[in-house]
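Architecture at a glance
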Amino acid sequence: EAERPLSGLAVPEKGEIVLVVGPEGGLTDEELAVFESAGAALALLGPTVLRTSTAGVAAASVLLSRTGRW
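Residues numbered from 1 in each chain as written. Predicted model: local features only at pLDDT ≥ 70, side-chain atom pairs only at ≥ 80, totals over all residues. Heavy atoms only, no water.

**Considerations on the layout of surface pockets**
One water molecule sets the probe size; rolling that probe over the atoms shows where empty space is left. Test applied: Cavity and pocket criteria rest on a 1 Å grid covering protein atoms alone: a 1.4 Å probe that fits but cannot get out defines a cavity, protein on both sides within 12 Å along at least 5 of 7 lines defines an open pocket, and an atom within 4 Å of a point defines a lining residue. Grid points are joined across faces, edges and corners, and a volume is the space filled by probe spheres set on the points. Counting from the N terminus, the helices are the DSSP runs of H or I reaching at least four residues and the strands are the DSSP runs of E reaching at least two. Each residue gets one of three labels, nonpolar for Ala, Val, Leu, Ile, Met, Phe, Trp, Tyr, Cys and Pro, charged for Asp, Glu, Lys and Arg, and polar for the others, Gly among them.
The space that makes up the largest pocket amounts to roughly 1,300 Å³. Residue lining of the largest pocket: 39 residues in total, with Val 20, Gly 22, Leu 42, Ala 43 and Leu 44 positioned closest to the centre. Of all the elements in the fold, those that place two or more residues in the lining of the largest pocket are α1 (29–37) and α2 (52–67). Counting residues per element, the lining of the largest pocket draws most heavily on α2, which supplies four residues. Within the lining of the largest pocket, the residues separate by chemical class into 28 nonpolar, seven polar and four charged.

Structure (structure tokens):
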């Protein structure tokens, strides 16, 4: 339900990136609020919903290709 695509988010030059992929039913409003209060940036992968078995791999690929850590 995020509005921004993962590919459009700013990526930190150093430090750690924590990637959380929601369950197939989605994250609850409470879970999203906890992540946001911890500084998380909510993002989506695209206009279609991916299964959790592929969403993590797709998201990691996007991040790794943008960080030079590939």
